[in-house]
Amino acid sequence: MFDTLNFKPVCEGHWQAKEQFGKYQLSIVLLPGKTLYEAAIFKDGDFVQLPGINYDDDVIPGLTKNMVTAIMQKLELIKIAS
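Bear in mind that the values here come from a model prediction, so they are computed numbers and not experimental data. (Residues numbered from 1 in each chain as written. Predicted model: local features only at pLDDT ≥ 70, side-chain atom pairs only at ≥ 80, totals over all residues. Heavy atoms only, no water.)

### What to know about the pairing of strand 4 (residues 37-43)
Note the threshold: Throughout this description, buried means an accessible area under 20% of the type-specific maximum (1.4 Å probe, protein chains only), exposed means over 50%, and partly exposed covers the range between. In DSSP terms, a helix is any run of H or I states spanning at least four residues, a strand is any run of E spanning at least two, and both are numbered starting from the N terminus. Any two strands are treated as partners once DSSP identifies two or more bridges connecting them.
Where burial is concerned, most of strand 4 is hidden: five out of the seven residues are buried. Adjacent in sequence and paired antiparallel, strand 3 (residues 24-30) and strand 4 are bridged by six residues, among which Gly33 carries a positive phi angle near 80 degrees. In this structure, strand 4 lies alongside strand 6 (residues 59-63), joined through three bridges in antiparallel fashion. Bridging from a neighbouring strand, Ala39 pairs with Ile60 of strand 6. Looking at chain direction, strand 4 and strand 5 (residues 46-48) are connected through three bridges and run antiparallel. Among the inter-strand pairings, Phe42 is bridged to a residue of strand 5, identified as Phe47.

### Overview of the nonpolar core
Rule in force here: Take the buried residues of types Ala, Val, Leu, Ile, Met, Phe, Trp, Tyr and Cys, join any two whose side-chain atoms come within 4.5 Å, and each joined set is a nonpolar core. Contacts are residue-level and defined by heavy atoms, with any inter-residue pair within 4.5 Å sufficient.
Within the largest apolar cluster, 20 residues are counted, with the highest numbers of intra-cluster contacts made by Leu26, Ile41, Val68, Ile71 and Leu75. Those residues in contact with Ile41 that lie beyond four places of it in its chain are Tyr24, Gln25, Leu26, Asp46, Phe47, Val48, Leu50, Ile53, Asn54 and Leu75.

### Some details on the side chain of His14
You can see His14 is positioned in strand 2 (residues 14-21). Residues in contact with His14, not counting those within four places in the same chain, are Lys8, Pro9, Val29, Leu30, Leu31 and Pro32.

### Considerations on the packing of aromatic side chains
As a reminder of what qualifies: Ring geometry is summarised as follows: Phe, Tyr and Trp rings, the Trp one being its six-membered ring, pair when their centres sit within 6.5 Å, and such pairs are stacked at plane angles under 30 degrees, edge-to-face over 60 and tilted between the two.
For the structure on display, the rule yields four aromatic pairs. Taking 5.2 Å as the distance between ring centres and 65 degrees as the angle between the ring planes, the aromatic pair formed by Phe2 and Tyr37 counts as edge-to-face. On the criterion of sequence distance, the pair formed by Phe2 in the segment before strand 1 (8-11) and Tyr37 in strand 4 is long-range, its members being 35 residues apart. The residues Phe2 and Tyr37 share a single accessibility class, namely buried. When the ring of Phe7 is compared with that of Tyr37, the centres are 5.8 Å apart and the planes differ by 45 degrees; the resulting orientation is tilted. Residue Phe7 is found in the segment before strand 1, and its partner Tyr37 is found in strand 4; the two are separated by 30 residues along the sequence. On the basis of relative accessibility, which here comes to 21%, the residue Phe7 falls in the partly exposed class.

Written out as structure tokens, the structure reads:
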């Protein structure tokens, strides 16, 4: 699923992709000089934390491509169940 993301430059070396999953939007960023991704989930423009995805913070740091895919799969299951 990661390969379906469309990353766009935000500024020099900073890339972001956004993907909608029903009422939730996943934002993935790759910051300058980093090799791991950060993710955040939004609902109606506000940060949200979802059980099994977030752990005590709005931003989920240190993600590999496979970890991003796992988050996307969980959000797809939430979308289907809603």
